[in-house]
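A look at the structure
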2 protein chains.
Amino acid sequence: MPKKLIPDIVIGRLPLYYRVLQRMLAKGQKVTSSKELSEYLEISAAQIRKDLSQFGEFGKQGTGYHTEYLSNQLRKILQLDRIWDMAVVGAGDVGSALAHYQGFHERGFKVAMIFDNDPQKIGMKLGDFVVKDTGSMVDEIKKAGIKIAMIAVPASEAQDVTDTLVEAGIKAILNYAPIHIITPPDVRLQCIDPVVFLQRMTYYI
Amino acid sequence: MPKKLIPDIVIGRLPLYYRVLQRMLAKGQKVTSSKELSEYLEISAAQIRKDLSQFGEFGKQGTGYHTEYLSNQLRKILQLDRIWDMAVVGAGDVGSALAHYQGFHERGFKVAMIFDNDPQKIGMKLGDFVVKDTGSMVDEIKKAGIKIAMIAVPASEAQDVTDTLVEAGIKAILNYAPIHIITPPDVRLQCIDPVVFLQRMTYYI
C-alpha cells in the first residue's frame, strides 16, 4: 500500500481500534459500528469514522463494519501480519519483566534476545534467554535482521545504547529509561516512563 | 494556586521538563534556557516558553531559567512536594515488576500495598510486601487514604477492578491491562500497553 501522509496521531489510534476488534473477534462478534467502538474507547464515533476512512472504505452507512475484515485491514496497515522479533537491552528488573511478558507473542511481537554490559549478568539464564554481551549487539542484531528494540538501561546509558542500536539497523525503539533519547528521523521512538504518566495525573488530584 | 484551564497536553509536558531539570540539578547546573531544554527534549523552545508562561514568569528574556527555582515551581504545580502512596492491583509479572521498581521513590511515588484475587498469591511475600486480598481493597485503600492505583490484572478483570478502585476513592489510575477502561470524569486515567506503543511504530518500518 503506498503511504500517503497520515498524521501520526491517527496512526496512534489504530492499535486501539485493532485491540478492541481482537476482543470482539474472540467473542465471535461479526459486526460492529463506529458508535459501538466509540463506547469502548471514549473516542468520538465521528473521529473513528474519519480515521478509518483515511485508509479506504471499510464500512457502509447503516450496516457498520465487518469485524474480521476491518481487523484484517488494520493488521495489514500496521504490518502485524507477521511476528516482529525484538531485542531487549538491559537485564535488570524492567528488562527481565519484558523478557517474561506473556502479552507480546499473541499480538505480533517476540523477544528474541536480551543484552547487558554487566559481567555478572552476561551468560545468566533469564527465562528462555541467555543474557548476551552488549559488545556483540551490533553483530547479533544485524545478523538476525532485528528492527525493533526495547531499552531498559539506566538513564545515563540510554543514549549510548540508542546510538549502538541505530548502528545495528534498529528502526523502532521503545524506551523505558527515564530520559529523552535522540534518534535519527528514520528511527521511530516511543517512551514509557511510568513516573511521567503518574506526574501527569497528580496535577489534577 | 487557583487552577485556570490549562490544556492537558501542556500538563503532560511538564513532567518532561521536570525530569530534565532534575538531571541538570544533579550535575550542579544552575541556569538553563528554553533553547537548551529544547535540545534535550526535541520540543521547540517557543513551545517550552509558552507552556511555562501559563504558570507565571519563571525566567527573564536573555538570562534564562534558574534550574532550581523552575524545578521547585514545577514540583509545586505537579504536587510532587510530597510522596504519593500507590496501590498495585495484580501480583503477576507486571505487578511484581512495579512492586520492585526502584525508580518511583526518588521521583515522588511509593508502592504502599499490592492486591490479588488469586488464593495462591494472597499472603505471598513480594519484596517488602505481603500480597493482600482484593476483597479487602476498598477498606484498605480508604483507611490508608491512597489516591493513586496501578492496574496490572488481565484485560477481562480490569473494568471490575477499576470500579472497585473508584469506590475506594482512587483519583488517578495507571492502567497496564491491555484494554481501555472507563472511569468517572473526576478520576484521571493513563494507559501503558507496550504492544500499543509497538504497533504504533510498525506502520512506519
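Residues numbered from 1 in each chain as written. Chains lettered and ligands numbered in written order. Predicted model: local features only at pLDDT ≥ 70, side-chain atom pairs only at ≥ 80, totals over all residues. Heavy atoms only, no water.

1. Observations concerning the relation of the copies chain B and chain A
When chain B is fitted to chain A, the residual RMSD is 0.0 Å, and the transformation amounts to a turn of 180° plus an axial shift of 0.0 Å. Expressed as a symmetry operation, the mapping of one chain copy onto the other fits a two-fold axis. Minimal C-alpha distance to the rotation axis in chain B is attained by alanine 97 of chain B, lying at 3.1 Å. The residues that chain B uses at the interface reappear at the interface of chain A in 100% of cases, marking a shared surface. (Least-squares fit on C-alpha atoms with pLDDT ≥ 70 in both. Contact = heavy atoms within 4.5 Å.)

2. A word on the sheet that holds strand 9 (residues 148–151) of chain A
Strands in a sheet are paired, the pairing made by backbone hydrogen bonds, and the direction either parallel or antiparallel. Residue and element names in this part refer to chain A. Strand order in the open sheet formed by six strands is 8-5-4-9-10-11, with parallel pairing between adjacent strands. The outermost strands of the open sheet, each flanked by one partner alone, are strand 8 (132–133) and strand 11 (188–191). Bridge count between strand 4 (residues 84–89) and strand 5 (residues 109–116): six bridges; the pairing is parallel. Pairing of aspartate 85 across the sheet is with lysine 110, part of strand 5. This element, helix 6 (residues 137–144), spans strand 4, strand 5 and strand 8 of the sheet and lies at about 160° to strand 5. (Pairing = 2+ DSSP bridges. Helix = DSSP H or I, 4+ residues; strand = E, 2+ residues; numbered from the N terminus. Axes fitted to C-alpha atoms, helices over the stretch in contact; angles between N-to-C directions.)

3. A few points about the sheet that holds strand 9 (residues 148–151) of chain B
Residues and elements named next belong to chain B. Pairing in this open sheet of six strands is parallel, and the strands run 8-5-4-9-10-11 from one edge to the other. Here the strands that pair on one side only, and so sit at the sheet edges, are strand 8 (132–133) and strand 11 (188–191). Summarising the sheet, strand 10 (residues 172–175) and strand 11 pair through four bridges and their orientation is parallel. Among the inter-strand pairings, alanine 172 is bridged to a residue of strand 11, identified as arginine 188.

4. Let's talk about the interface of chain B and chain A
Listed per partner, the contact involves 65 residues of chain B and 65 residues of chain A. Overall, the association of chain B and chain A removes approximately 6,100 Å² of surface from exposure, summing both partners, and the carbon and sulfur fraction of that is 65%. At the surface where chain B touches chain A, the tally comes to six salt bridges. As a salt-bridge pair, arginine 107 of chain A and aspartate 193 of chain B come within 2.8 Å of each other at their nearest N and O atoms. (Buried area = accessible area lost by both parts, 1.4 Å probe. Salt bridge = Lys/Arg side-chain N within 4 Å of Asp/Glu carboxyl O.)

5. A closer look at the pairing of strand 4 (residues 84–89) of chain B
All names here are of chain B. Across the six residues that make up strand 4, a large majority, five, are buried. Handedness of the crossover joining strand 4 and strand 5 (residues 109–116) through helix 5 (residues 93–100): right-handed. Strand direction decides the pairing type here: strand 4 and strand 9, joined by four bridges, are parallel. Following the sheet pairing, alanine 87 is matched in strand 9 by alanine 149. (Buried < 20%, exposed > 50% of the residue type's maximum accessible area, 1.4 Å probe, protein only. Right-handed = clockwise from strand over helix to strand, strands pointing away.)

Worth remembering: the numbers are spatial, not functional.
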